Structures are given as C-alpha cells and as structure tokens.
Amino acid sequence: MTAFPRYAIYYAADADSALSRFGAELLGYDAHSGNELPFPEDARRVAPDWRDVSADPRKYGFHGTLKAPMALAPGKTEAELAAACATFAAKVRAIPVIRPVVDSISGFIAVIPAEPVDALQQLAADCARDFDAFRVALTADDRARRKPEKLSERQRDYLDRWGYPYVMEEFRFHMTLTGRLEAERRGPIQEMLRSRFAALNLDTLAIDRLALFKQDDATARFRIIGEWALTG
C-alpha cells in the first residue's frame, strides 16, 4: 500500500497570476487556497461532463512536475523537506524560460513548452537527484501500478532508480488540464482550451518557482504548503 502523507515538488504559478487562475478555474480547484471553484461556462458547453474530463488533474492541482509524488523515507520529516526546498531554491542557476502552448501529450491536454529547453531539463534532473534522499523506497505494489511491462527499458530502469519512469531524458514538462481523452473528443476541447489560453497573452513563461505540495491521504487532493522563488 502507498504510504501517506505524500509530497511532490512542482512548478506552480504565483497565486495571483493569470496563469494560476486559468488552471484553477479549469480544474475547479485551487491548490493555493484548497478551495473548489465553479467551472467556466465554455468548458461545460464544449464538454457537459467537464467534471469527469478534468477529474484526474484536479486531484493534483494545476502544476508542472519537477519531483513526482513520494512518501517520506524513514527518519525524514516535512520540516526537513521544506528546508531542502529552500536550500535548493537559493542555489544560483539558469532560470528556464519556455514558450508555452496548449497541446495534447500522451492522450491528455496540457500546457507544454513549444520546444525543448535545456535549462528546464536540467532543473528537473536536479530536482530528481537532490530530493531523492527524501523518497521512501518503491514497493512492489507501487512498481506494479506503474505497469512496467508497458514502459521502455530505460523507463523501467528509471522507475527502479528514481521511483518514477519519466525523469532525465524521459522528462517532458507539462501542466495538465484534462484526463486522457479519446482522439475524437480532443479536437473541440483543445480548441476551447487554446482560445482561453490565448487570452492570457502569455508568450513566454519563466519556470522560476518551486512549490511543495502535500496529500494527506488517498482521498485528499494535493495542496501547496510552501513556495520558494528560484535564484537566477
């Protein structure tokens, strides 16, 4: 059984930003405040089952993964993890800047970089390494839930080494807006999401923040319990 609470290190836009509001409204959940929000009219119009369409990402809040959810290793504490986040954020590094677009990725729709950004790949790799000492070892059940038989050899190796298959060369930054959709449903929903996103006039996005998310138990949503600005 998965241990709880679980923690994740994500990029999350500032609570007062248009991007944060965009994501929170579409998911119907604000991970900054923990509040539920009404869905936008255009989302419910294009998909009357929008609550179901957005159910999977709602559990996690609007974010971009840097270190995947994990329970803490024996002897590690939440306070120590938060302190490690502060130390990590204080290190001088190149701040990744992406050109964000709305597109489909592995069957779901997300805000993703229009092209790869080396500094973002490096940031995610650093997070995978620097916070791994806090991660409890992967159990056989947790490994089986990742369906390793469907992963590539490298992804299986990463799953065993890092507890998550999509790290290092396999990492793809994404801020998820829907669950997986059948191909015939994606078009109208993606068009609506692109239209809403275009209204933000967000030509570039600096991945310049670190947020610590916490999930108290299996039925709880993730919520933000700490935020730090990265040092450029």
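As the structure is a prediction and not an experimental result, all values here were calculated from the model. Residue numbers restart at each chain and count upward from 1, following the sequence in its written direction. Totals for whole chains, interfaces and linings use every residue, but because this is a predicted model, local features are given only for residues with pLDDT of at least 70 and side-chain atom pairs only at 80 or more, for both listing and counting. With hydrogens and water set aside, each side-chain value is computed from the structure's full complement of heavy atoms.

Considerations on the overall build of the protein
Thought 1: Secondary structure elements follow DSSP: runs of H or I no shorter than four residues count as helices, runs of E no shorter than two count as strands, and numbering proceeds from the N terminus. Along the protein, the regular secondary structure elements total nine helices and 11 strands.
Thought 2: A compact globule built from 232 residues would reach a C-alpha radius of gyration of about 17 Å, and the protein, at 17 Å, matches this within 12%.
Thought 3: Structurally, the protein occupies a C-alpha span of about 50 × 40 × 35 Å along its principal axes.
Thought 4: Three exposure classes are used, based on accessible area relative to the maximum for each residue type with a 1.4 Å probe and protein chains only: buried under 20%, partly exposed in between, and exposed over 50%. Burial status across the protein gives 48% buried among its 232 residues. The atom set for the radius of gyration is the C-alpha atoms, and the globule formula is 2.2 Å times the number of residues raised to the power 0.38.

Notes on the side chain of Thr178
Thought 1: Mapped onto the fold, Thr178 is located in the loop between strand S8 (175-176) and helix H9 (183-198).
Thought 2: A polar contact of 3.0 Å, which involves the side chain of Thr178, links it to the backbone nitrogen of Ile109.
Thought 3: Residue contacts follow a heavy-atom distance rule, with two residues in contact if any of their heavy atoms lie within 4.5 Å. With sequence-adjacent residues up to four places away left out, Thr178 is seen in contact with Trp50, Val53, Pro57, Phe108, Ile109, Ile189 and Leu193. We define a polar contact as two N or O atoms separated by no more than 3.5 Å, with the added condition that, inside protein, one atom must be a possible hydrogen donor and the other a possible acceptor, whereas residues neighbouring each other in sequence contribute only through side-chain atom pairs.

Remarks on the pattern of salt bridges
Thought 1: We define a salt bridge as a contact between a side-chain nitrogen of Lys or Arg and a carboxyl oxygen of Asp or Glu at a distance within 4 Å. One pass over the full model with this rule turns up 21 salt bridges.
Thought 2: Asp216 is the partner of Arg223 in a salt bridge, and the nearest nitrogen-oxygen pair spans 3.5 Å.
Thought 3: Here Arg223 falls in the partly exposed class, since its relative accessible area comes to 32%.
Thought 4: A single salt-bridge network, built from bridges that share partners, covers Lys67, Asp132, Arg135 and Arg161.

Considering the side chain of Arg6
Thought 1: The topology assignment puts Arg6 in strand S1 (residues 6-11).
Thought 2: Comment: no salt bridge for buried Arg6; closest opposite-charge side chain is Asp142, at 7.2 Å.
Thought 3: Apart from the residues within four sequence positions on either side, Arg6 is in contact with Tyr60, Pro69, Met70, Ala71, Phe213, Lys214, Gln215 and Phe222. Within this scheme the basic residues Lys and Arg register as positive and the acidic residues Asp and Glu register as negative, but His and the chain ends are omitted.

Some thoughts on the packing of helix H1 (residues 18-27) against H9
Thought 1: Axes here mean lines fitted to C-alpha atoms, for a helix over just the part in contact, with angles spanning 0 to 180 degrees between N-to-C directions. At a minimum axis distance of 11 Å, the contact between H1 and H9 shows a crossing angle of 150 degrees. Judged on the interaxial angle alone, H9 and H1 are roughly antiparallel. Judged by the sense of rotation from one axis to the other, the crossing of H1 with H9 is right-handed. In contact with Leu19, Phe22, Glu25 and Leu26 of H1, H9 contributes Leu193, Arg196 and Phe197.
Thought 2: Each residue receives one of three labels: charged for Asp, Glu, Lys and Arg, nonpolar for Ala, Val, Leu, Ile, Met, Phe, Trp, Tyr, Cys and Pro, and polar for the others, Gly being one of them. Residue composition of the contact of H1 with H9, grouped by class: five nonpolar, no polar and two charged. The labels follow the angle: roughly parallel below 35 degrees, roughly antiparallel above 145, roughly perpendicular from 65 to 115, and oblique for the rest. By the definition used in this description, the sense in which the near helix is turned from the far one sets the handedness, with an anticlockwise turn below a right angle giving left-handed and a clockwise turn giving right-handed.

Concerning the packing of aromatic side chains
Pairs of aromatic rings are described using the distance from one ring centre to the other and the angle between the two planes.
Thought 1: Note on aromatic contacts: the rings of Phe and Tyr and the six-membered ring of Trp form a pair at centre separations within 6.5 Å, being stacked when their planes are under 30 degrees apart, edge-to-face when over 60 apart, and tilted otherwise. According to the stated counting rule, one finds eight aromatic pairs in the structure shown.
Thought 2: Ring centres of Tyr11 and Phe173 lie 6.3 Å apart, and the angle between their planes is 55 degrees; this geometry places the pair in the tilted category. Of this pair, Tyr11 sits in strand S1 while Phe173 sits in the loop between helix H8 (153-162) and S8, and the two are 162 residues apart along the sequence.
Thought 3: Between Tyr60 and Phe222 the ring centres are 5.3 Å apart and the planes differ by 20 degrees, which places this aromatic pair in the stacked class.

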